[in-house]
Amino acid sequence: MSVSTTSVSTVPGSARPRRRTAVLVGSLAFVILAGAGIGGGYWWHEHNLPSQASKADCALAQQIIDGAQKLPAGDKKAIDQWAQDTAKTRRAQMKDGYLGYNIAQYEGWVTTKAKGEAGELTQKQMVHIADQANSHCTDAKVTLAFPSLNS
């Protein structure tokens, strides 16, 4: 019995079209995934930026901050009236709720301090309140001037 060996002949270059197709499909997939990644990253960045308040909202916030400095220390009735009036005005006129929240935190602290009921804020807390409120006024090109919260 003899064993015959037959060679399978391959056509030279027959793998090239497959290789080109694979490279083309891989490149196209890479471009699509890279575009999706860049687009997703941009959306995520924009999504996580602070809301931007109008110039009017920022002006109202500054008005509240300035008004808080005129509170009569110890006059609980006048302080409570100021807090109620300010909260009504803020809720009615301020459109950016996130800036409103930061200013409401400040209002609450100022009123309790004026009544003699608040503890001292740390410098870190003071900076955080001011930074958070100011981050909402960047596009309006307004910088809210907070007095020293511990004075």
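Just above, that's the structure.
**Q** Would you explain the side chain of T86 in this entry?
**A** Within the secondary structure, T86 is located in helix α3 (residues 76-93). What makes T86 buried here is its relative accessible area of 9%. Those residues in contact with T86 that sit more than four places away from it in its chain are I64 and E107.

**Q** So what exactly am I meant to see when it comes to helix α2 (residues 55-68) here?
**A** Since the α-helix packs 3.6 residues into each turn, any two residues three or four apart lie on the same face. Helix length check: α2 (14 residues) gives 20 Å between terminal C-alpha atoms against 20 Å at 1.5 Å per residue, within 8%. Those residues of α2 that sit buried are D57, C58, L60, A61, Q62, I64, I65, G67 and A68. Of the surrounding elements, those touching the buried residues of α2 are α3 and α4 (97-114).

Conventions adopted
- Residues numbered from 1 in each chain as written.
- Predicted model: local features only at pLDDT ≥ 70, side-chain atom pairs only at ≥ 80, totals over all residues.
- Heavy atoms only, no water.
- Helix = DSSP H or I, 4+ residues; strand = E, 2+ residues; numbered from the N terminus.
- Buried < 20%, exposed > 50% of the residue type's maximum accessible area, 1.4 Å probe, protein only.
- Contact = heavy atoms within 4.5 Å.
- Expected span 1.5 Å × (residues − 1).

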